[in-house]
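# An overview of the molecular structure
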Amino acid sequence: MRRRPRAALSIGMVLLLIGSMSGIVLAATESTTTGSFTASNVDPTVDSIELWTTGGGASSTTTMTPQVQYNVKVAVTDNNTLDDLTTVKVYIYYDADGTYNTGDRPGAGNTQTCAILTWTNPATWEIDPNASTTWAVVSGSCSAPSLSGSTGTFQFHFKPGKVATETPGADEWHIYAVADDGTATGDNYLENLEMNWYGEITSVTATSSFGTVALGASAVISGTISATYIANGAYDEQVKSSATWTGQTTSTELTLYTSGTSPGAAQFALLADDDGTVAGGVQVLSASYVAIDDTGTQTGESGNTVSNNHLWLWLGSSGIPAEEYRGTIYFKIADGS
Amino acid sequence: MKVNVILWFVNMAPSWGLLGGVGRAAWVVLAIIALLAAVGVIPSSPEPVLAITTDYTFASGGGTNKWAYEEDWTDWQEWAEGRPTSPDDFGTRLPATSGDYANLATSDNNRWQTQLTLLGWEWNSQLFLFNINEDRSAVTQIYVQWEGHGSNGWSYYTRLQIYNYTTGSWVTIRNEDDVDSDVTWTYTITSNCANYIEAGTGEVAILLMAECSALLWDVDCQTDYIRLQITAQYSPTVNSVSLWDTTPAEVTTMTPQVEYNVKVNITDNDTLNDLSTVKVTLYYDSDGNYSAGEVPTSGNTQTCAILTWTNGSGWSIDPSAGTTWVLVSGSCVAPTLTDTTGTFEFHFKPGKVATETTGSARWHIYAKATDSTARTGDNYRAGLNMNWYGEITGVSASVNFGTVALGSTDVISGTVSATYISNGAYDEQVKSSATWVGQTSGAVLTLNTSGSPGAGEIALKADDDSTLEGAAQVLSASYVTMDDTGTQTSESGDTVPNHLWLALGSSGIPAEEYQGTIYYRIADGS
């Protein structure tokens with residue numbers, strides 16, 4: 001830039017200058033040009049991933065339980081502003097050997113092993129798998145940061161599916177997050193998370209009858225009792241009975257005999273099994289469950305329906321009025337690990 | 001061109017006493033020879049020539065400004081002494097009477113007779129004096145018409161003369177013998193007319209001399225009618241020169257490209273239609289002191305414009321091509337040309353680079369009127385100012401920095417060409433819009449004016465060359481100067497390859513194209 005030495009102006013000269021300016025032509029002394037540049041793309045970065053519980057007292061956690069709501073917090077930086085992002089994806093996936101390895105990342109959702117949560121700019125929250133699954137993205141609780149900023153935390157609220165694989169041994173769940181601005185991506189992960197056992201029994205047959213039983217009768221078989229077991233790991237099928245059964249006319253109470261198949265006066269005994277043969281049947285107790293099967297394994301979301309459960313009845317030979325008796329049979333799924 | 005053939009007669013005194021009878025024949029021969037030798041060709045005045053012609057006669061009597069006198073002369077006085085030697089040498093100057101003046105008034109054969117002597121070879125004479133009103137320097141033609149007669153008889157001469165005040169001698173108009181009946185003699189003078197008019201008084205003297213015949217028959221001189229016709233051609237005068245704006249108000253300061261009106265008030269007693277041109281020369285004078293010798297003779301976009309009104313052709317300006325000097329001919333006004341005084345109004349716009357006046361420098365206006373006979377008059381208006389003028393044109397429509405990484409500094413732009421036109425010192429200035437806008441997302445980046453852009457900010461430097469050194473930090477609230485050494489340009493201006501340098505914040509800037517406005521300005525550098 002060139003500079004001209006300037007002489008100091010006297011007040012008189014200034015006044016003269018001002019006075020002479022009245023006729024100055026201002027038109028065309030100014031012109032414009034449109035300047036432009038293209039800001040280059042800067043790769044986004046995923047600065048951190050955290051798994052948090054939700055609700056009051058929310059805190060960081062390393063263990064999940066299916067059907068419980070959690071919050072994956074993904075801190076992302078994009079110097080082109082977060083609005084530059086097209087998606088942020090969170091992969092929550094099961095790793096059988098428990099050692100994080102990029103090659104282990106699934107490419108698609110799976111009810112047992114992987115869920116992919118996706119935020120799509122500006123405000124769409126999705127999950128894969130998204131049909132016939134109990135995995136859930138709680139979009140109403142999800143939140144994205146201000147997109148005009150360059151750094152912020154995306155919060156993915158979700159519930160693990162019912163059959164998200166339990167991690168009883170060295171196996172683990174990991175969380176992998178990737179931010180994509182359409183041109184480049186940035187990622188990060190959180191490894192070694194645990195998934196608790198989850199079991200559920202549904203669709204148990206409402207009633208089952210032994211018919212008319214003679215006093216002193218033995219091993220009278222019941223009708224079929226169906227039950228569906230859903231579990232994310234090994235499980236046991238268990239059963240128990242109410243301690244008394246009640247006469248529907250006189251209210252006479254019969255007592256469950258739990259020491260074998262020789263009930264006394266006003267007593268009865270039960271065996272139970274997950275098939276139609278009394279062989280292998282277990283003595284039904286009232287104080288606690290007994291397993292009729294301890295070989296259950298992880299099921300699908302639709303579960304494992306056992307439709308051939310049966311009971312066998314032994315009735316005391318006296319002290320039992322001739323009328324209908326009712327009691328309650330309890331079926332249970334239990335962690336089989 | 002017309003030519004007039006005029007026969008000039010030699011003033012030959014035809015009187016020599018008793019030898020006159022023999023000598024006259026020889027003189028006649030000599031007169032013929034002289035006549036042939038004296039044939040000349042005189043160019044006429046250029047056409048058209050507007051002039052004022054005034055007749056001086058005795059129609060309104062004598063006295064006041066015209067007089068007639070009579071006298072007689074002996075042969076000796078006339079021949080030997082050459083009397084009268086001048087209008088003042090007219091003896092006792094016997095004045096004509098009112099009756100004589102009445103006889104002289106018209107051509108009606110009522111004559112003023114002078115018969116103061118009857119002696120042969122003596123002379124009766126009449127002297128006619130006219131004090132004309134015209135400026136002797138303006139007179140272009142003197143026409144004399146005389147009707148009357150003198151003496152009869154062969155070799156007795158009647159002579160009509162007009163006095164040349166410059167040479168102090170009489171010039172013969174006609175000299176013939178035997179003029180014993182009425183004749184009409186006319187004579188026209190078209191050159192050196194002032195010589196025949198007495199300075200100060202405007203007197204024109206015409207002398208009639210008639211020699212008496214020795215036969216004593218018809219010895220007198222008689223004038224029926226005499227007319228002196230004076231034709232004057234006046235020089236124009238430029239009475240005033242003034243500069244006006246179109247408000248209208250008289251002004252002393254001009255601004256380029258603004259319309260002004262130079263009013264030139266002119267008088268030409270031959271009527272303004274006698275003018276051939278009126279030229280107005282507006283010119284720059286670096287020392288500001290008007291001097292006639294400094295008036296330019298041709299136009300110059302920076303220092304001079306010559307506005308010309310040409311009778312019959314209209315208005316023109318020099319410089320006239322490739323210039324922003326403008327003659328607003330539609331607004332120019334010429335006065336009524338049949339008047340003798342009027343104001344010519346030259347409407348014009350000073351050119352863009354008409355030199356600014358700083359210090360003692362001034363513009364002057366010189367006006368010159370030229371008539372059909374190349375007579376001129378002039379005047380001037382000195383000490384005018386010219387305001388600063390600046391214009392910026394040809395600024396590149398757009399400039400691009402290309403793709404710039406976030407956090408970059410001093411990324412140079414393409415060239416921003418700008419042409420600066422100014423009539424004086426000027427500064428080249430620049431500023432930016434306060435924000436630049438993303439063309440996809442509408443993201444807004446803010447101009448950082450400290451040079452260290454933060455998140456979502458840019459900063460710019462600018463200079464009039466391609467080197468960062470000396471570049472100015474670009475602001476948005478006001479202009480900053482890139483160069484303050486600009487000097488007066490030509491009409492085509494000074495084209496400069498400006499550049500910008502971009503610094504980009506390291507965050508808060510979406511990846512997309514941004515656009516902002518860069519303002520370039522020319523400012524008075526005085």
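Just so it is clear, the model here is predicted, and its values are computed rather than measured.

### Digging into the domain arrangement of chain B
Assigned domains of chain B: these are domain 1 (15–21 + 45–232), domain 2 (237–383) and domain 3 (390–524). When each unit is reduced to the centre of its C-alpha atoms, the spacing between domain 1 of chain B and domain 2 of chain B is 49 Å.

### A word on the interface of chain A and chain B
Counting residues at the interface gives 29 residues for chain A and 58 residues for chain B. Considering every element that reaches the side of chain A that touches chain B, the biggest residue donor is strand β1 (residues 30–39) of chain A, with ten residues. Broken down by class, the residue content of the side of chain A that touches chain B amounts to seven nonpolar, 16 polar and six charged. Relative to strand β25 (residues 398–404) of chain B, β1(A) runs parallel, the two being bridged by five bridges. Within β25(B), the position partnered with A:Ala39 by the bridge is B:Val404.

### Some details on unusual backbone geometry
Here A:Asp128 and A:Pro129 are connected by a cis peptide whose omega angle stands at 10°. Relative to the elements of secondary structure, A:Pro129 occurs in the loop between β7 (124–128) and β8 (136–137). Between B:Thr247 and the following residue, B:Pro248, the backbone shows a cis peptide bond with an omega angle of 5°. Its place among the elements puts B:Pro248 in the loop between β14 (237–245) and β15 (253–254). For B:Gln257, which is not a glycine, the phi torsion comes out positive at approximately 70°. Mapped onto the secondary structure, B:Gln257 falls in the loop between β15 and β16 (260–267). Unlike most non-glycine residues, B:Asp410 shows phi in positive territory, near 55°. Along the chain, B:Asp410 falls in the loop between β25 and β26 (411–412).

### Looking at the domain arrangement of chain A
All names here are of chain A. Looking at chain A, the domain boundaries give domain 1 (45–195) and domain 2 (199–335). Of note, the centres of domain 1 and domain 2, computed from C-alpha atoms alone, are 44 Å apart. Taken residue by residue, the interface counts 14 residues in domain 1 and eight residues in domain 2. Here the residues of the side of domain 1 that touches domain 2 are counted per class, giving five nonpolar, seven polar and two charged.

What counts and how
- Residues numbered from 1 in each chain as written.
- Chains lettered and ligands numbered in written order.
- Predicted model: local features only at pLDDT ≥ 70, side-chain atom pairs only at ≥ 80, totals over all residues.
- Domains from an automatic or database assignment.
- Contact = placed C-beta atoms within 7 Å.
- Helix = DSSP H or I, 4+ residues; strand = E, 2+ residues; numbered from the N terminus.
- Nonpolar A, V, L, I, M, F, W, Y, C, P; charged D, E, K, R; others polar.
- Pairing = 2+ DSSP bridges.

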